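Structural features, examined
The chain contents come next:
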Amino acid sequence: QSEHESPDEYTNPLELDKNITHRRDQAVMGLKFSHNASEVVSYHLKGSFFDIDNYFENKGDAPGDPDEFTSTNEATVSTLSGQVKLDLGKIAAREGIKDELIIGGEIKKIAGLNFIHPPADIDFDGVPDTSLMFDKTIGNNAAYLQNELKLFDVFTIIAGLRADKYDGYKQNLLPRAGLSYNHRPTNTIF
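Small disclaimer: the values here were computed from a predicted structure and weren't measured.

Reading the values: the criteria
Residues numbered from 1 in each chain as written. Predicted model: local features only at pLDDT ≥ 70, side-chain atom pairs only at ≥ 80, totals over all residues. Heavy atoms only, no water. Salt bridge = Lys/Arg side-chain N within 4 Å of Asp/Glu carboxyl O. Phe/Tyr/Trp six-rings, centres within 6.5 Å; stacked < 30°, edge-to-face > 60°. Helix = DSSP H or I, 4+ residues; strand = E, 2+ residues; numbered from the N terminus. Buried < 20%, exposed > 50% of the residue type's maximum accessible area, 1.4 Å probe, protein only. Polar contact = N/O pair within 3.5 Å; in protein donor to acceptor, adjacent residues only side chain to side chain. Contact = heavy atoms within 4.5 Å. Pairing = 2+ DSSP bridges. Axes fitted to C-alpha atoms, helices over the stretch in contact; angles between N-to-C directions.

Let us now look at the pattern of salt bridges. For side chains bearing opposite charge, pairing can occur when the charged atoms are close. Per the stated rule, a full pass over the model turns up 6 salt bridges. Through salt bridges with shared partners, one network takes in Glu106, Arg162 and Asp164.

Okay, here's the thing in structure tokens:
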């Protein structure tokens, strides 16, 4: 949490004003649980929460004067995700081959709010006085899978797919593929 005063009006030229205050409240929390169920199966669950609130106040210059301008901006992001990793290479038990399959999902909520109270002589898009400029919450549900195959510490092949569905938008599919070559594998002596 932080708070500070700003002595300058937002005018041209700048005028001294001792009644301007900025305050920020911020909270960040997270929790992760991981477990290796066996040599083949491991998983984790993770939750996180981020919240930030910004307040701006330009109080009246004399006792009893109304506030000149106040503004509130709030944003929160909440996320819950989980992932399962399968070590398929240990199931097949083939020398020099490592194969991991990852399957996961995520639920996310993002919310934002902007609220202002300008003086009567300020007009924002034809709306004087108190005005809710922005208030929106959007969610996303996602699922993904990825397979990583390593061959003799020389080649790595990665293939995956992620599906995202944001509220109010169509589903988005994101494929991923990659190939890498290690020209100096760890078992090679030069």
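On to the packing of aromatic side chains, then. Per the stated rule, a full pass over the model turns up 2 aromatic pairs. With 6.2 Å between their ring centres and 50° between their planes, Phe33 and Tyr43 make a pair best called tilted. One end of the pair, Phe33, is in strand β2 (residues 20-36); the other, Tyr43, is in strand β3 (residues 41-58), with 10 residues separating them in the sequence. Assessed through its relative accessible area of 46%, Phe33 is described here as partly exposed. Accessibility expressed as a relative area gives 30% for Tyr43, which makes it partly exposed. Relative to Tyr181, the ring of Phe155 has its centre 5.3 Å away and its plane inclined at 45°; by these criteria the two rings are tilted. A residue pair is termed long-range when its members are at least 10 positions apart, and Phe155 in strand β7 (residues 155-166) and Tyr181 in strand β8 (residues 172-181) qualify at 26 residues.

On to the side chain of Gln83, then. Positionally, Gln83 belongs in strand β4 (residues 69-87). At a separation of 2.9 Å, a polar atom in the side chain of Gln83 contacts the side chain of Tyr144. Excluding residues that lie within four positions of it along the chain, Gln83 makes contacts with Ser42, Tyr43, His44, Ile102, Ile103, Gly104 and Tyr144.

Let's shift gears to the environment of Glu148. Within the fold, Glu148 resides in strand β6 (residues 131-151). Look at Glu148 and you get partly exposed, because its relative accessible area is 23%. Separated by 50 residues in sequence, Glu148 and Lys98 place their C-alpha atoms 8.0 Å apart. Aside from chain neighbours lying at most four places away, what touches Glu148 is Lys98, Asp99, Glu100, Thr156, Ile157 and Ile158.

A few words now on the sheet that holds strand β5 (residues 97-117). Strand pairing in a sheet relies on backbone hydrogen bonds. The paired strands run either parallel or antiparallel. The strand order across the open sheet formed by 8 strands is β1-β2-β3-β4-β5-β6-β7-β8, and the pairing between neighbours is antiparallel. Two strands close off the open sheet at either side, each with one partner strand: β1 (2-5) and β8. Between one strand axis and the next, the sheet turns through 10° on average, direction left out of account. The pairing of β5 with β6 spans 20 bridges and is classified as antiparallel. Within the sheet, the bridge partner assigned to Glu106 lies in β6 and is Ala142.

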